[in-house]
Structures are given as structure tokens and as C-alpha cells.
Amino acid sequence: MSGFETYLLERTQAKDSHLLKVARGLGTYGALKKILDTPLTPKDVIEELKESGLRGRGGAGFPTGLKWSFMPDADKDTRKRYLALNADESEPGTCKDRVLMREDPHTVIEGCLIAAFAMRLDAVYIYVRGEYRVPYERLAVAIEEARTAGLVGPRILGSDFSCEIHMHKGAGAYICGEETGLMESLEGKRGHPRPKPPFPAGFGLWGQPTTVNNVETIYNAPFILERGAQWFRSMGTKKSPGNFLCGISGHVEKPGVYEIPLGMPARQILDEFAGGVWKKRALKAWIPGGSSTGFLKPDAIDTSMDHDSLKEAQSMFGTGAMIILDETASVVRSALTLMNFYEHESCGQCSQCREGTQWLAQIFQRIHDGQGRMEDIQLLEDLANGMAPGKTICALSDAAAIPTHSVIRNFKDELVEYVREGGHPDLRGKQPAVHQEVGV
Ligand SMILES: Cc1cc2nc3c(=O)[nH]c(=O)nc-3n(C[C@H](O)[C@H](O)[C@H](O)COP(=O)(O)O)c2cc1C
Ligand code: SF4
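This write-up is about the structure you can find in this document. The residue numbers shown here count from 1 along each chain, following its written sequence. The order in which chains are written sets their letters, starting at A; the order in which ligands are written sets their numbers, starting at 1. Restriction of local features to residues with pLDDT of at least 70 applies here, the model being predicted, together with a cutoff of 80 or more for giving and counting side-chain atom pairs; totals for whole chains, interfaces and linings are based on all residues.

1. A look at the overall build of the chain
Helix and strand labels come from DSSP, where a helix needs a run of H or I of at least four residues and a strand needs a run of E of at least two; each type is numbered from the N terminus. Scanning the chain from N- to C-terminus turns up 17 helices and 8 strands. Atoms counted for the radius of gyration: C-alpha only. Globule rule: 2.2 Å times residue count to the power 0.38. For 440 residues, the compact-globule formula gives about 22 Å, and the C-alpha radius of gyration of the chain, at 23 Å, lands near that figure. The exposure scheme places C-beta atoms from the backbone and then counts, for each residue, the other C-beta atoms within 10 Å of its own, assigning buried at 20 or more, exposed at 12 or fewer, and partly exposed in between. By the burial criterion, 52% of the 440 residues in the chain qualify as buried.

2. Notes on the environment of leucine 49
Tracing the chain through its elements places leucine 49 in helix α3 (residues 42-52). Owing to 26 C-beta atoms within 10 Å, leucine 49 belongs among the buried residues under this scheme. Taking the C-alpha atoms as reference points, leucine 49 and lysine 430, separated by 381 residues in sequence, lie 59 Å from one another. Note on contacts: each residue gets a C-beta atom placed from the backbone, and two residues are in contact if those atoms are within 7 Å. Among residues more than four places away in sequence, those in contact with leucine 49 are Leu54, Thr64, Gly65, Trp68, Ala221 and Ile224.

3. A short note on the site of ligand 1
Being near a molecule or strand means, for a residue, that its backbone-placed C-beta atom lies within 6 Å of it. Taken together, 25 residues lie near ligand 1, and Gly56, Gly58, Gly177, Asn214 and Thr217 sit nearest. Of all the secondary structure elements, the ones that give two or more residues to the shell around ligand 1 are β4 (210-214) and α16 (396-410). At 3 residues, the largest contribution of residues to the shell around ligand 1 is made by β4. Residues that form the shell around ligand 1 fall into these classes: 9 nonpolar, 9 polar and 7 charged. All domain edges in this entry derive from an automatic or database-based domain assignment. Two domains each donate at least three residues to the shell around ligand 1, and these are domain 1 (11-233) and domain 3 (331-427). Amino acid classes used here: Ala, Val, Leu, Ile, Met, Phe, Trp, Tyr, Cys and Pro are nonpolar; Asp, Glu, Lys and Arg are charged; the rest, including Gly, are polar.

4. Digging into the site of ligand 2
In the vicinity of ligand 2, 14 residues are found, and the nearest of them are Cys347, Cys350, Cys353, Thr392 and Cys394. Residue assignment for the shell around ligand 2 shows that the elements contributing at least two residues are α14 (351-369) and α16.

5. Side note on helix α11 (residues 266-273)
Of all the positions in α11, only Ala266, Ile269, Leu270 and Phe273 are classed as buried. Angularly, the buried residues of α11 cover 110° about the axis, an arc narrow enough to put them on a single face. Tucked into the core, α11 has its buried residues touching β5 (243-250), β6 (256-261), β7 (283-287) and β8 (322-326). Note that the arc is computed from the directions linking the helix axis to the C-beta atoms.

6. Structural notes on the sheet that holds β7
Ordered in space as β6-β5-β8-β7, the 4 strands form an open sheet in which the pairing is mixed. Looking at the sheet topology across the chains shown, the edges are occupied by β6 and β7. Each neighbouring strand pair of the sheet contributes to a mean axis angle of 30°, computed without reference to strand direction. Only strands joined by at least two bridges in the DSSP assignment are considered to pair. Bridging between β5 and β8 involves 3 bridges; their strand directions are parallel. Axis definition: a line fit to C-alpha positions, over the contact stretch in the case of helices; interaxial angles, taken between N-to-C directions, run 0 to 180 degrees.

7. Description of the nonpolar core
If you look at the biggest cluster of nonpolar residues, it comprises 127 residues, and the most contacted ones within it are Ala84, Leu85, Cys112, Ile114, Val124, Ile269 and Trp286. Considering each element in turn, this core owes the most residues, 10 residues, to helix α6 (residues 105-119). Apart from the residues lying within four places of it in its own chain, the contact partners of isoleucine 269 are Cys246, Ile248, Tyr258, Ile260, Met264, Ala274, Met305 and Met322. Joining buried Ala, Val, Leu, Ile, Met, Phe, Trp, Tyr and Cys residues through C-beta atoms within 7 Å gives a set, and that set is a nonpolar core.

8. Considering the environment of glycine 25
Note that glycine 25 resides in helix α1 (residues 20-25). Given 12 C-beta atoms within a 10 Å radius, glycine 25 is considered exposed. A sequence separation of 14 residues divides glycine 25 from arginine 11, and the C-alpha atoms of the two residues are 9.9 Å apart.

Right, here's the structure in full:
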């Protein structure tokens, strides 16, 4: 196994790591104490974050320090200010934030407090995926423990810094993880994403300045403040520094969540951490960063897991969640599963997404079932072109278009074979299903 410095999973491995007394023994709240004792100014903290080069781990990879600096000047804009911590984690394949919340809720809280100090916030709202029962309960208990210890609430650790933290259970929809859908849902409405601009920093929760960050992003903050931006930059790549949590799933021997420095080749993660493709089978396809990042061919498996390298490979780093498909898997069937998901999760506000996800699902279904036509391949492409990039209120439409394009670009032979031979191999020669006419 390759030797490299780790920090993201260290505290999660101690016995009872979710309890305050254990967490404190492991160093949690040390960075917050350092900030308040030194004392550092909010600007100093944002500068350190900027200097570290930390990029958001929620999917878009946006620089965190820069995002924090977008909040209006608290001396000039006296509205209430918030952090919405995005713990909705519903992207298929992604399962890293739940480990942090379940095993080390106090470092998540410390990260929120550091963000609150840096952006001079009044309160933090943690929006936890509804199905995450244990992570929710652990975080709720941890907040109460921290409050009793003077770490949450008024005059934290005897300083002038005060901050409230509130919990909210998610509404059971993928779209509630999109930052503006999340804010609508938190306000008690349907999780319908808002058109941008205005951006959350100017008009967020209840119309007040708000920053939305992912759990893993915030989890990095205490380590950066404790050990310094240069320490953080000593890991990962120049443009994507630090380690990340790689949730690897599908046809592997050892699925799980592993800590990896950004820039490690995907093959090394697959072989050294996940034990390789299961049953010693060959690799057929892989998805690098959660379901919206598309299907890549085996010849791309040497690509480094970082934002720039995956962009060059016509994909994205996304949430860093790898999904592995072995030689027996059907890419068409996997794409169909994903399209059914996106169709189900589209909130329906934009016609391209509402209709497009439905049509993509129906066309993949008929190709899968042996009712496809050669023109369907072009039809899939035209539909996906009409859905993305940037043609809708939020990126869910892109998230369906990207895997569609990737199947046409990288697995066109399989589409052609399904049309010629009568669908998925299990269905060939059987009674054909009846399909609705779509798009033509
Ligand atoms: C449909 C959709 C679902 C999303 N779901 C999540 C999610 O569950 N968790 C998350 O952190 N970000 C999710 N995002 C990304 C958020 O909109 C936002 O970019 C992120 O929370 C910002 O945090 P970061 O800068 O720390 O990465 C989603 C985006 C889209 C378009
Ligand atoms: S792109 Fe889709 S999910 Fe996003 S706002 Fe439009 S209809 Fe809703």
C-alpha cells in the first residue's frame, strides 16, 4: 500500500469517536481554540482557506476560501447571515459524508464554527439526508454536548464569538441537495431550485446572505487552520490539494470509503484499496465521481483522480465516488437505471429536464428491451444536447445529459449491438415489451 499522510479518517477510527470526551482527546476543537486564543481575524481565516486551495467536495469543486469571501461585508450589510451545511448526500454512488457525521460529528461541528467565525455568521443550519438516521442522531447529540461545554451558543469558549447550530431532516429528494433547492426545503417549501442570480451569498436562506458547503469540505477546515495552508498543499496536486474521501462501489472486492490524496490514479485506488475488480473479472466501465460524471472506458483507468485530469478525460471529479462495472455488466442497463433515477428526481420546473429525463429513460428502456432503432442513438444525442450545459435552472438536467453523451461516445458499440440483436442478452428472442412512442 502506498505511504502518504492521512487525516480525514484518523479520528473516525477511535472507539466512541462520536463522543465529546473522546473527540477532545483526539484534538477536536483545537483549531477553534487556536483561532479564538491567537486571536485570528475572520479575514485571516478566509485568507488561510484561500491559500490552502481547498476545493468544494460537494460536486462542483469550487474554491472554498473564495466562496467564503463572497459573503457581503458584515459591517455594511447588517442582515442575518447563515451557513447551510449540505448533508443531503443523495448522488448515487456517494456515501462519504455519512461516515464523517456518524463517526466524528464534533469535527463537523468545529468546521461549521470555523466557517461561522470566518464569515461572521449568526447561525448554521445542517440539512441531513432524511434516511441518515444514525448520522442525524449522532450530530444532534454532539451539538447538545458541545452546547453544554460552551462550544456552541453564546460567547463560545468565553470569547465574543457566538453561533447557534440547528438541525433539519431532509425531505427525501435528490433535488434537495442542490443548494437553492436545499434552501427552499429548509424554509419549509418544496425543494424547487431557484434561478441564479441572485446567488446565495446575496440572497440565500430567508433572503439573507448564505453560504452552502458540503460536509467533507467543512470537515477539512479545522485541519487546515490547525496545521496550515502549506501543510495542506503538500498533499494532492497543485490545483487540487489535499486528500479526499473516495467511496468506491460496484463490482469490487472491497467496497468502502477510503482516504486518498487527490491525483492518485484511479487504477491504483481500484487495485490497492478496493482489492481490484471482483472475482478477477475484467473491467468493462467505470464512473469516476458519482452518477452524473458519466461512463468511462477501461483505457481511462490510469487517469488521476483530480479535477483537471478528469476534465481532460471528458468527465468530472464530482464527489470522488467511483463506481466499477465488470465485464458482465450492461452499460445500457446501467444507463437506464440512472435515467429512471433522474426522471424520478427531476423537480419538473424546466421543460428540457422534465420532458428530457423522461424521454431519455424511455429511449434507453426500448433499446434495452429490444425495441430500439438505429435513429434512437442520434435521438439520445439530440435530446441530451437540448438539456445541457447550462440550459436549465439547476444542473440536474446536465447530470442526466452527461452520462447519456458518455454512453454514445464510449459505448456506442453496445447501443448498436442492442438495436441489431434485440436488446439485452437476457431478453433476446423473448416476447417484446410494448413501448410508448417517444420523440419521433
Ligand atoms: C441535483 C443536485 C444535487 C446535489 N446534491 C448535493 C448533495 O447531496 N450534497 C452536496 O454537498 N452537494 C450537492 N450538490 C451540489 C450543491 O448544489 C453545492 O454545489 C454544494 O453543496 C456546495 O458545497 P461545496 O462548495 O462545499 O462543494 C448537488 C447539486 C445538484 C445539481
Ligand atoms: S433542471 Fe430539472 S431539477 Fe433542476 S430546476 Fe430544472 S426541472 Fe428542476
